[in-house]
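Here's the letter readout for the chains.
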Amino acid sequence: ILTQSGTPYGVFTPYKNNWLKRVAPEDLAQHDSAPLAPRLLERPPEFQRPVPSLSDLGFEPTNLDSLKIPTGESGGQTLFEAFFERMDDYHATRDLPAVKGPSYLGVHLRFGTVSIRQLVRIALQRQAAGSAGATVWLSELVWRDFYFAILANFPHVARQAFKPEYDAIAWESGRQANELFAAWCEGRTGYPLVDAAMAQINQTGYMHNRLRMVAGSFLVKDLGLDWRWGEHYFAEKLNDFDLSANNGGWQWVASSGCDAQPYFRIFNPVSQSERFDPQGKFIRRYLPQLAKLSDKAIHAPWAAKPLELQMAGVVLGQTYPHPVVAHDEARAKTLQRYAVVKKSSAQPL
Ligand SMILES: Cc1cc2nc3c(=O)[nH]c(=O)nc-3n(C[C@H](O)[C@H](O)[C@H](O)COP(=O)(O)OP(=O)(O)OC[C@H]3O[C@@H](n4cnc5c(N)ncnc54)[C@H](O)[C@@H]3O)c2cc1C
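Residues numbered from 1 in each chain as written. Predicted model: local features only at pLDDT ≥ 70, side-chain atom pairs only at ≥ 80, totals over all residues. Heavy atoms only, no water.

**Quick look at the overall build of the protein chain**
Applicable threshold: For the purposes of this entry, the term helix denotes a DSSP run of H or I that reaches at least four residues, the term strand denotes a run of E that reaches at least two, and both are numbered from the N terminus. As defined in this context, the radius of gyration uses C-alpha atoms, and a globule is described by 2.2 Å times the residue total to the power 0.38. Whether a residue is buried, partly exposed or exposed follows from its accessible area with a 1.4 Å probe, protein chains only, as a fraction of its type maximum: under 20%, in between, or over 50%, in that order. Throughout, a residue-residue contact means that at least one pair of heavy atoms, one from each residue, lies within 4.5 Å. Accessible areas in this description were obtained via Shrake-Rupley with a 1.4 Å probe; residue shielding takes into account the shown protein chains only. Just so you know, the count uses Lys and Arg for positive and Asp and Glu for negative, and it drops His and the chain ends. Here the site of a charge means NZ on Lys, CZ on Arg, CG on Asp, or CD on Glu.
Of regular secondary structure, the protein chain possesses 17 helices and zero strands. Over its C-alpha trace the protein chain gives a radius of gyration of 22 Å, about what one expects of a compact globule, namely 20 Å for 349 residues. Projected onto its principal axes, the C-alpha positions of the protein chain cover 70 × 55 × 45 Å. Across the 349 residues of the protein chain, 43% fall into the buried class. Sequence separation of at least 24 residues holds for 70% of the intrachain contacts in the protein chain that already meet a minimum separation of 6. Surface accessibility of the protein chain: about 18,800 Å² in total, with carbon and sulfur atoms responsible for 55%. Averaging the locations of the 37 positively and 35 negatively charged side chains of the protein chain gives two centres separated by 4 Å.

Have a look at this one:
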């Protein structure tokens, strides 16, 4: 999908509008993959290789909770059928990590055990029937293609910022940075929503989309760490890991990406928590040590009254960490750190 002048898109909405115009019913018809097999066999002998094993591909056995995910093509269908029942509500539920809102099909899309054509065909049908949820979900499927296109057309993004001026940013490094990174990876930042998100990825190999944004933003804009550190960690942990979507997501939070969040928009991890997990249900699920705090205190335990902490059995620094950084100070530091972007983009070429 290219612009009228034949160049790749750098902004999502016009890309999506063109994508929607170009997607034709015949592209979405059922595809019979059987005739493909003989074509593969026709390859010259020097290109014929045995099917690699999972360990050849670098996969290792795991005991993650995510093994509850229904697997294989039938598993993909089961998940999709279940999601179909709630697709119409997707726009309203997709941002709430405590609610079963999204499809959880990422892992099936990654491994090709569900057909993207089938998903798009059905989402288009629901959209035509007036479903707001289907419209938003379809848009997410288009984001997936958009990031494929970005990686294909701008392969430098795999290692560098999409916008080169962002490569001038000096990230934190050294012992303290390493310690902060370890606290983030292990869910010990002292910010409950971030820590619960990291517990989710560590225990299940999945993280809710809103939390990927919150935890990612925290790494980059609260801890001042290079987005590539977070990208690498997610790549190791996510069952739905996909280079283009992961890279696009990380460059979005770091503001260095294509059609990314502006650098001066910095998520406040406490207000994100109050907004998207208002009763702390998700936090309680992953951080049982905070379960007895009130709906108000659970988002920022350090701000709770000593008596409330005591009644809930929370001892800061023992049962749950103190915050590793103060958000307001970190925010100010980040704006300074990103000032270099303004300077370098103002310089003549
Ligand atoms: C920092 C960060 C890292 C991410 N890393 C990955 C990754 O490695 N692999 C991955 O597939 N997605 C990634 N995403 C996008 C998104 O978070 C996941 O696709 C989604 O959470 C997967 O859950 P789901 O299948 O229930 O999604 P649903 O909400 O049901 O969406 C359906 C499908 O649409 C696609 N999709 C949805 N949102 C996006 C998006 N923002 N960008 C691209 N495709 C999207 C995915 O294929 C997803 O499975 C990342 C987002 C961020 C902010």
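**Here's the deal with helix α14 (residues 269-276)**
Our working rule: To obtain the arc, one takes the directions from the helix axis to the C-beta atoms. Think of a polar contact as two N or O atoms within 3.5 Å of one another; within protein, one of them needs to be a possible hydrogen donor and the other a possible acceptor, and neighboring residues in sequence only count if both atoms come from side chains.
Within the span of α14, buried status applies to P269, V270, Q272, S273 and F276. Buried residues in α14, looked at end-on, bunch into an arc of 165°, giving them a common side. The N-terminus of α14 is capped by N268, whose side-chain oxygen sits 2.8 Å from the backbone nitrogen of V270.

**Thoughts on the site of the ligand**
Counted only if it meets this: Here a residue counts as near a molecule or strand whenever at least one of its heavy atoms sits within 4 Å of it. The method works on a 1 Å grid over the protein atoms by themselves. A cavity is a set of points holding a 1.4 Å probe that cannot get out, a pocket is an open set with protein on both sides within 12 Å along at least five of seven lines, and residues with an atom within 4 Å of a point line them. To be counted as sitting in a cavity or pocket, a molecule needs more than half of its atoms within 2 Å of that site's grid points.
Neighbouring the ligand are 27 residues, the closest being Y90, S103, Y104, G106 and N209. Here an oxygen atom of the ligand and a side-chain polar atom of N209 are 2.8 Å apart. Across the complex, the protein chains shield 95% of the 820 Å² of accessible surface that the ligand would expose by itself. Mapping the ligand onto the cavity grids shows that it belongs to the largest pocket.

**Details of the environment of N239**
Relative to the elements of secondary structure, N239 occurs in the loop between α12 (227-237) and α13 (243-253). Measuring from C-alpha to C-alpha, the distance between N239 and Y206 comes to 6.4 Å, with 33 residues separating the pair along the chain.

**Topic: the packing of aromatic side chains**
Condition: Two rings from Phe, Tyr or Trp (for Trp, the six-membered ring) form a pair when their centres sit within 6.5 Å of each other. Planes less than 30 degrees apart are called stacked, planes more than 60 degrees apart edge-to-face, and all others tilted.
Inspection of every chain in the model, using the stated rule, returns 28 aromatic pairs. A ring pair is formed by F146 and Y147, whose centres lie 5.9 Å apart and whose planes are at 45°; its orientation type is tilted. Taking the relative accessible area as the measure of exposure, F146 reaches 1% and is therefore buried. When its relative accessible area of 12% is taken as the criterion, Y147 is described as buried. The interplanar angle of 75° and the centroid separation of 5.5 Å between the aromatic rings of Y263 and F264 together place this pair among those described as edge-to-face.

**Quick word on the layout of surface pockets**
Formally: Grid points are joined across faces, edges and corners, and a volume is the space filled by probe spheres set on the points. Classes in brief: Ala, Val, Leu, Ile, Met, Phe, Trp, Tyr, Cys and Pro nonpolar; Asp, Glu, Lys and Arg charged; the others, Gly included, polar.
The computed volume of the largest pocket comes to approximately 1,200 Å³. If you trace the largest pocket, you find 40 residues lining it, with E140, W143, N209, R212 and A245 closest to the centre. Breaking the lining of the largest pocket down by element, the ones donating at least two residues are α6 (106-111), α8 (132-153), α11 (209-222), α13 and α14. Of all the elements, α8 adds the most residues to the lining of the largest pocket, at eight residues. Of the residues belonging to the lining of the largest pocket, the class tally is 23 nonpolar, six polar and eleven charged.

**Overview of the environment of A170**
Mapping A170 onto the fold places it in the loop between α8 and α9 (175-185). Remark: the alpha-carbon pair of A170 and R337, spanning 167 residues in sequence, is separated by 6.9 Å.

**Observations concerning unusual backbone geometry**
In this model, S255 sits at a positive phi of 70°, which is unusual for a non-glycine residue. If you trace the backbone, S255 turns up in the loop between α13 and α14. Positive phi values are uncommon outside glycine, yet D259 reaches one of about 55°. A relative accessible area of 31% places D259 in the partly exposed class.

**Side note on the domain arrangement of the protein chain**
It is common to give the size of an interface as the accessible area lost on bringing the parts into contact. Cut-off, in case you're wondering: Where a domain begins and ends is set by an automatic assignment or by a domain database. Here the quantity called buried area is the accessible surface, traced with a 1.4 Å probe, that two parts lose on coming together, added over both. One side-chain nitrogen of Lys or Arg within 4 Å of one carboxyl oxygen of Asp or Glu is enough to make a salt bridge.
Taken as a whole, the protein chain is organised into domain 1 (12-42 + 58-153) and domain 2 (166-346). Tallying the contact residues gives 22 residues for domain 1 and 27 residues for domain 2. Buried surface at the junction of domain 1 and domain 2, summed over both partners, amounts to about 2,000 Å²; 61% is from carbon and sulfur atoms. Applying the counting rule to domain 1 against domain 2 returns one salt bridge. D95 serves as the salt-bridge partner of R210, at 3.0 Å between the closest nitrogen and oxygen. Those elements that provide at least two residues to the side of domain 1 that touches domain 2 are α1 (12-22), α6 and α8. When residues of the side of domain 1 that touches domain 2 are assigned to their parent elements, the largest contribution, six residues, is made by α8.

**Quick notes on a nonpolar patch on the surface**
For the record, the criterion: Residues enter patches when they are more than 30% accessible in relative terms and free of salt bridges; like-charged ones are connected within 9 Å and nonpolar ones (Val, Leu, Ile, Met, Phe, Trp, Tyr) within 5 Å.
Taken together, the side chains of L54, L57, F59 and F111 define a hydrophobic patch exposed on the protein surface, amounting to about 410 Å² of accessible area. On the secondary structure map, F59 appears in the loop between α3 (36-41) and α4 (72-86).

**Section: the side chain of S273**
For S273, the position within the fold is in helix α14. With residues near it in sequence (within four places) discarded, S273 still touches L193, P278, I283 and H299.

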